[in-house]
Amino acid sequence: MNNYKNLFKTSVKKLKIAGFRNPISDCRKLFNHCVSSDSCKDFDPTKLDKHTNRIFDFAVRRRLSQEPVSHIIGYKEFWKTRFYVNQSVLDPRPETELIVEKVLGLPSSKLSVLDLGTGTGCIAISIALERVDLEIFASDISPEALRVAKFNARELGARVNFIHSDWFANIKNTFDVIVSNPPYVCTSDLISLPLTVQRFEPRLALAAGELGLDCFREIASNLNDYLNPGGVGIFEIGFNQIGLIKGLFEAYGFKQIDFFFDLEMKERVVCVKKDA
Ligand SMILES: C[S@@+](CC[C@H](N)C(=O)[O-])C[C@H]1O[C@@H](n2cnc3c(N)ncnc32)[C@H](O)[C@@H]1O
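Residues numbered from 1 in each chain as written. Predicted model: local features only at pLDDT ≥ 70, side-chain atom pairs only at ≥ 80, totals over all residues. Heavy atoms only, no water.

## What to know about the packing of helix 1 (residues 4-17) against helix 2 (residues 23-36)
Here is the rule we go by: Axis angles are defined between N-to-C directions and span 0 to 180 degrees, where every axis is a line fitted to C-alpha atoms and, for a helix, only to the segment in contact. Helix and strand labels come from DSSP, where a helix needs a run of H or I of at least four residues and a strand needs a run of E of at least two; each type is numbered from the N terminus. Note on terminology: angles under 35 degrees are roughly parallel, angles over 145 are roughly antiparallel, angles of 65 to 115 are roughly perpendicular, and the others are oblique. Whether a crossing is left-handed or right-handed is set by the direction in which the near helix is turned from the far one by less than a right angle, anticlockwise for left-handed and clockwise for right-handed. Note on contacts: a residue pair qualifies if any of its non-hydrogen atoms lie within 4.5 Å across the two residues. Each residue is assigned to one class: nonpolar for Ala, Val, Leu, Ile, Met, Phe, Trp, Tyr, Cys and Pro, charged for Asp, Glu, Lys and Arg, and polar for all the others, Gly among them.
Their axes nearest at 9 Å, the elements helix 1 and helix 2 cross at an angle of 135 degrees. Here helix 1 is positioned oblique relative to helix 2, judged by the angle of their axes. You can see that helix 1 and helix 2 cross each other, and the crossing is right-handed. Contacts between helix 1 and helix 2 pair Y4, F8, S11, V12, L15 and K16 from the former with P23, I24, D26, C27, R28 and F31 from the latter. Grouping the constituent residues of the contact of helix 1 with helix 2 by class yields eight nonpolar, one polar and three charged.

As structure tokens, then:
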């Protein structure tokens, strides 16, 4: 009776009853994490020892209290690797990979790139790992987030220059490419975010005022001064923000504004180009 299949099934059932959307996948990740930890290296699936049972049960209880799987296992997959995460940073999301894809698709080499609001560093580091010819800078207002990003860069061997800055306040250079996934959740939507997000992800990474445009306004109003001639800005946007974002960049003089779809066919990335 006391084998891992029974324990797994019981745990999936607990998450299902509690209303979790992906109970099997959650339990699988938690279980794999528990049995791959050093203290369980003699794990035998046919005989579940008390220790493994206890640590898996504890992980499931943490999940039942809405803690994200990524915080329990300590990392989140993004692009081609894993990023260390904690409560100081937003978990990297799959839709953000579209920014990485767009930068890697740019034809020129030796570009300078700035990632504003880097969080875990997932965008800047993923680009740096693919393109050693690019000079990459990444900034955040949160010292704790910068600590996480620097740790990730060191662990993954990525060359990124980190800057502590409130958007452009401490940025001294100009760049060929400026990217960002800024906070864009409007005040009225904050309350309807999943509990996992509300309780465990930093508000600083999400909240962007009444229309969700506060951070975009700050970025769009300064962008022209920090882009080199012919430079591009590539930004993630909320799925219902296309009209507002187009109007905002137009108001700051950008003429070439293109939107791109994520894997769910929602317009989630905007590219704007400064005249050459
Ligand atoms: C939505 S998160 C994006 C994190 C990461 N780039 C990603 O895509 O997963 C937004 C980030 O912007 C940072 N941020 C918020 N306000 C900022 C500001 N005034 N200046 C610079 N960064 C800011 C937050 O700390 C957070 O790390």
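## Observations regarding the site of the ligand
Selection criterion: Think of it this way: one heavy atom of a residue within 4 Å of a molecule or strand is enough to make that residue near it. Between N or O atoms, a polar contact is any pair within 3.5 Å; within protein, one atom must be a potential hydrogen donor and the other a potential acceptor, and residues adjacent in sequence are included only when both atoms are from side chains. Throughout, the Shrake-Rupley method with a 1.4 Å probe supplies accessible areas, and for residues the shown protein chains are the sole cover considered.
Surveying the vicinity of the ligand reveals 17 residues, the closest of which are G117, D140, D166, W167 and N181. Between the ligand and the protein, one listed contact pairs a nitrogen atom with a backbone N or O atom of I141 at 3.3 Å. One of the backbone N or O atoms of W167 is found 2.8 Å from a nitrogen atom in the ligand. When isolated, the ligand has an accessible area of 590 Å², and the protein chains bury 95% of it. Along the lines of polarity and charge, the residues of the shell around the ligand split into eight nonpolar, seven polar and two charged.

## What to know about the environment of K266
Quick reminder of the rule: Relative accessible area decides the class of each residue, using a 1.4 Å probe on protein chains only: under 20% of the type maximum gives buried, over 50% gives exposed, and in between gives partly exposed.
Here K266 shows up in the loop between strand 8 (256-261) and strand 9 (267-273). On the basis of relative accessible area, K266 is assigned to the partly exposed category, the value being 31%. Measuring from C-alpha to C-alpha, the distance between K266 and N240 comes to 8.7 Å, with 26 residues separating the pair along the chain. Among all residues touching K266, those that are not within four sequence positions of it are F239, F260 and F261.

## Some details on the pattern of salt bridges
Operational definition: Criterion for a salt bridge: a side-chain nitrogen of Lys or Arg within 4 Å of a carboxyl oxygen of Asp or Glu.
This structure, assessed with the given rule, holds 14 salt bridges. With a closest N to O distance of 3.2 Å, D275 and K255 form a salt bridge. Pair noted here: D275 is in the segment after strand 9 and K255 is in the loop between helix 11 (242-251) and strand 8, with a separation of 20 residues, a long-range link. For the pair D275 and K255, a shared accessibility class is recorded, and that class is exposed. As a salt-bridge pair, K266 and E264 come within 3.2 Å of each other at their nearest N and O atoms. Because the salt bridges share partners, they merge into one network encompassing K14, D57 and R61.

## Focus on the packing of aromatic side chains
This is how it is decided: Pairing of aromatic side chains requires ring centres within 6.5 Å, counting the rings of Phe and Tyr and the six-membered ring of Trp. Pairs whose planes differ by under 30 degrees are stacked, by over 60 edge-to-face, and all others tilted.
Using the criterion set out here, one finds nine aromatic pairs in the structure. Each ring, one from F168 and one from Y226, has its centre 4.4 Å from the other, and the planes form 20 degrees; the classification is stacked. Taken together, the residues span a long stretch of sequence, with F168 in the loop between strand 5 (161-164) and strand 6 (175-180) and Y226 in helix 10 (residues 214-226) at a distance of 58 residues. When its relative accessible area of 4% is taken as the criterion, F168 is described as buried. Ring centres of F235 and F249 lie 5.6 Å apart, and the angle between their planes is 10 degrees; this geometry places the pair in the stacked category. On the criterion of sequence distance, the pair formed by F235 in strand 7 (residues 227-236) and F249 in helix 11 is long-range, its members being 14 residues apart. Each member of the pair, F235 as well as F249, carries the same accessibility label: buried.

## Quick word on helix 7 (residues 143-156)
Our working definition: Here a helix's expected span is defined as the number of its residues, less one, multiplied by 1.5 Å. The directions considered for the arc are those from the helix axis to the C-beta atoms.
Helix length check: helix 7, at 14 residues, gives a terminal C-alpha distance of 20 Å against a target of 20 Å (1.5 Å per residue), a fit within 8%. A145, L146, V148, A149, N152 and A153 are the residues of helix 7 that are buried. The arc that holds every buried residue of helix 7, seen down its axis, measures 160 degrees, which confines them to one face. Seen from the buried face of helix 7, the exposed residues on the opposite side, beyond 90 degrees, are R147, R154 and E155. Looking at the residues trailing helix 7, positive phi occurs at G157, about 70 degrees.

## Observations concerning the environment of S11
As for its placement among the helices and strands, S11 is situated in helix 1. Spatially, the C-alpha atoms of S11 and F31 are 10.0 Å apart, while their sequence positions differ by 20 residues. S11 has contacts with C27, F56 and V60, leaving out every residue within four places of it along the chain. Here the side chain of S11 touches L7 through a polar contact of 2.8 Å, landing on its backbone oxygen.

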